[in-house]
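Read off the chains here:
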Amino acid sequence: MAGEESAHFRFVHLTDTHIMVGGKWKARGGNFEFDTEASLRRVVEAVRTLDPAPAFAVLGGDLASPDLIDRTRVLTPDEYEPSYRLLAEILGRLPCPVHFLVGNHDDRVAFNRVLRRDAPTPDAPNYYSFDHQGYHFVALDSQEPGQHGGFLDAAQLRWLREDLKQHRERPTIAFVHHHPWPLGLQWIDTMSLRNGEELIDVLQGHPDLRWIICGHVHLDQAIQRRGLTMLTTPSTCVQLSKVSQAPKMLPGPPAFRIVDLDGATLSTRVVHLHGSSP
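Residues numbered from 1 in each chain as written. Predicted model: local features only at pLDDT ≥ 70, side-chain atom pairs only at ≥ 80, totals over all residues. Heavy atoms only, no water.

Below, the discussion takes up the sheet that holds strand E10 (residues 221-225). Taking strand neighbours across the sheet as the criterion, the six strands line up as E6-E7-E8-E9-E11-E10 in an open arrangement whose pairing is mixed. Of all the strands in the sheet, the pair left with one neighbour each is strand E6 (128-132) and E10. For this sheet, the mean angle separating the axes of adjacent strands, direction not counted, is 20 degrees. Pairing analysis gives four bridges linking strand E7 (residues 135-139) to strand E8 (residues 172-176), with the strands arranged parallel. Paired with His136 across the bridge in E8 is Thr172. (Pairing = 2+ DSSP bridges. Helix = DSSP H or I, 4+ residues; strand = E, 2+ residues; numbered from the N terminus. Axes fitted to C-alpha atoms, helices over the stretch in contact; angles between N-to-C directions.)

As structure tokens, then:
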């Protein structure tokens, strides 16, 4: 398409920010505490230095996680709201608009109150699509309330099929929090997208959808099958071991993904912010 050929822009994928007002993350798979607010501020300042600047940012889910401070009970939306407000304040320094996904640690009601005030119902799922310079983007909501893994219900999959059908001539990139394909790491693969193959079947029905970008796993990996590539992006805070089959968390380094689009060419890299601990 002419629109695709003239495309020249970049975006950034930031994920698993886990903002929590009132405490630090006490990692159960590692002997440390981590300040997720400080690490996200470092990432935002790094994004501000990019040249060229990104056209937009995609926040890939697990945005706020005050539930990690007190794991003994289920928090209310009112208790989540301060963390989403803090997230909005931090992201206000980004040099570009933001598109949000939700993850398993998020609270949809509080998210909608603070970051999606036009939600049709208080707990409405957050899936949608948008366009930029001839490219089409779909953002999915894989949260399954009360579960660490993810799921896409029949209504969302019907919407996705129709959306892709309407944009059949557009090059398309998909975003979802949970990984649809296993990474080969036993612990995190127990918390993947339960109906991942169903999603992949839908995506592979689109003639020009070659990339799906995920969060959730707190590490970077690429898997390609039958012309579709799945990318995972590390967290802006705590990372997971790439080699341990048992739960093992690491205190950073904070990271994010840059994606550059030049016509039909996509190139991507992950930036790790090494140095002093946040």
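Structure's up, so let's keep going.
On to the confidence of the model for the protein chain. In the predicted model, the protein chain carries a mean pLDDT of 95, and the fraction of residues at 70 or more is 98%. Of all the helices and strands in the protein chain, helix H1 (residues 2-5) carries the lowest mean pLDDT, 61, while strand E4 (residues 56-59) carries the highest, 99. (pLDDT = per-residue confidence, 0-100.)

Taken as a whole, the largest pocket spans an internal volume of roughly 920 Å³. If you trace the largest pocket, you find 35 residues lining it, with Asp67, Leu68, Asn104, His105 and His148 closest to the centre. Listing elements by their share of the lining of the largest pocket, those giving two or more residues are helix H4 (108-115) and helix H6 (186-189). Tallied by class, the residues present in the lining of the largest pocket amount to 13 nonpolar, 10 polar and 12 charged. (1 Å grid on protein atoms, 1.4 Å probe; cavity = no way out; pocket = protein on both sides within 12 Å on 5 of 7 lines; lining within 4 Å. Points joined across faces, edges and corners; volume = space filled by probe spheres on them. Nonpolar A, V, L, I, M, F, W, Y, C, P; charged D, E, K, R; others polar.)

As a further point, take the packing of helix H3 (residues 77-91) against H4. Relative to each other, H3 and H4 sit at 45 degrees, their axes nearing to 8 Å. Overall, the two elements H3 and H4 adopt an arrangement that is oblique. The two elements H3 and H4 meet at a crossing, and its hand is right-handed. Contacts between H3 and H4 involve Pro77, Asp78, Tyr80, Glu81, Tyr84, Arg85, Leu87 and Ala88 from the first element and Val109, Ala110, Phe111, Arg113, Val114 and Leu115 from the second. (Parallel < 35°, antiparallel > 145°, perpendicular 65-115°, else oblique. Left-handed = near helix turned anticlockwise from the far one by under 90°. Contact = heavy atoms within 4.5 Å.)

In terms of burial, H4 is a largely internal element, six of the eight residues being buried. Within H4 the residues assigned to the buried category are Arg108, Ala110, Phe111, Asn112, Val114 and Leu115. For H4, the secondary structure elements touched by its buried residues are H3 and strand E5 (98-100). (Buried < 20%, exposed > 50% of the residue type's maximum accessible area, 1.4 Å probe, protein only.)

Tracing the chain through its elements places Asp208 in the loop between helix H7 (196-203) and strand E9 (209-214). Polar side-chain contacts of Asp208 include one of 2.2 Å to the side chain of Arg210. Sequence-distant contacts of Asp208, that is, excluding residues within four places in its chain, are made with Glu4, Arg170, Pro171 and Thr172. (Polar contact = N/O pair within 3.5 Å; in protein donor to acceptor, adjacent residues only side chain to side chain.)

Applying the stated criterion across every chain yields a total of 16 aromatic pairs. For the ring pair Phe56 and Phe130, a centre distance of 5.3 Å and an interplane angle of 90 degrees mean the geometry is edge-to-face. Here Phe56 is found in strand E4, whereas its partner Phe130 is found in strand E6, with 74 residues between them in sequence. Each member of the pair, Phe56 as well as Phe130, is classed as buried. Following the ring pairs from residue to residue traces out a cluster consisting of Phe9, Phe11, Phe56, Tyr128, Phe130, Tyr135, Phe137 and Phe175. (Phe/Tyr/Trp six-rings, centres within 6.5 Å; stacked < 30°, edge-to-face > 60°.)

Moving on, we come to the pattern of salt bridges. Tallied over the entire structure, the rule returns 17 salt bridges. For Arg41, the salt bridge identified is with Glu89, shortest N-O distance 2.8 Å. One end of the pair, Arg41, is in helix H2 (residues 36-48); the other, Glu89, is in helix H3, and 48 residues separate them in sequence. When its relative accessible area of 28% is taken as the criterion, Arg41 is described as partly exposed. Notably, a salt bridge pairs Arg194 with Glu144, separated by 2.7 Å at the nearest N-O pair. Pair noted here: Arg194 is in the loop between H6 and H7 and Glu144 is in the loop between E7 and helix H5 (154-166), with a separation of 50 residues, a long-range link. (Salt bridge = Lys/Arg side-chain N within 4 Å of Asp/Glu carboxyl O.)

With that settled, the discussion passes to H5. When the terminal C-alpha atoms of H5 are compared, their 18 Å separation across 13 residues agrees well with the 18 Å that a helix rising 1.5 Å per residue should span. Within H5, burial applies to Gln156, Leu157, Leu160, Asp163 and Leu164. Buried residues of H5 fall within an arc of 125 degrees about the axis and therefore sit on the same side. Turned more than 90 degrees off the buried face of H5, the exposed positions are Arg158, Lys165 and Gln166. Buried residues along H5 sit in contact with E6, E7, E8, H7 and E9. (Expected span 1.5 Å × (residues − 1). Arc of directions from axis to C-beta.)

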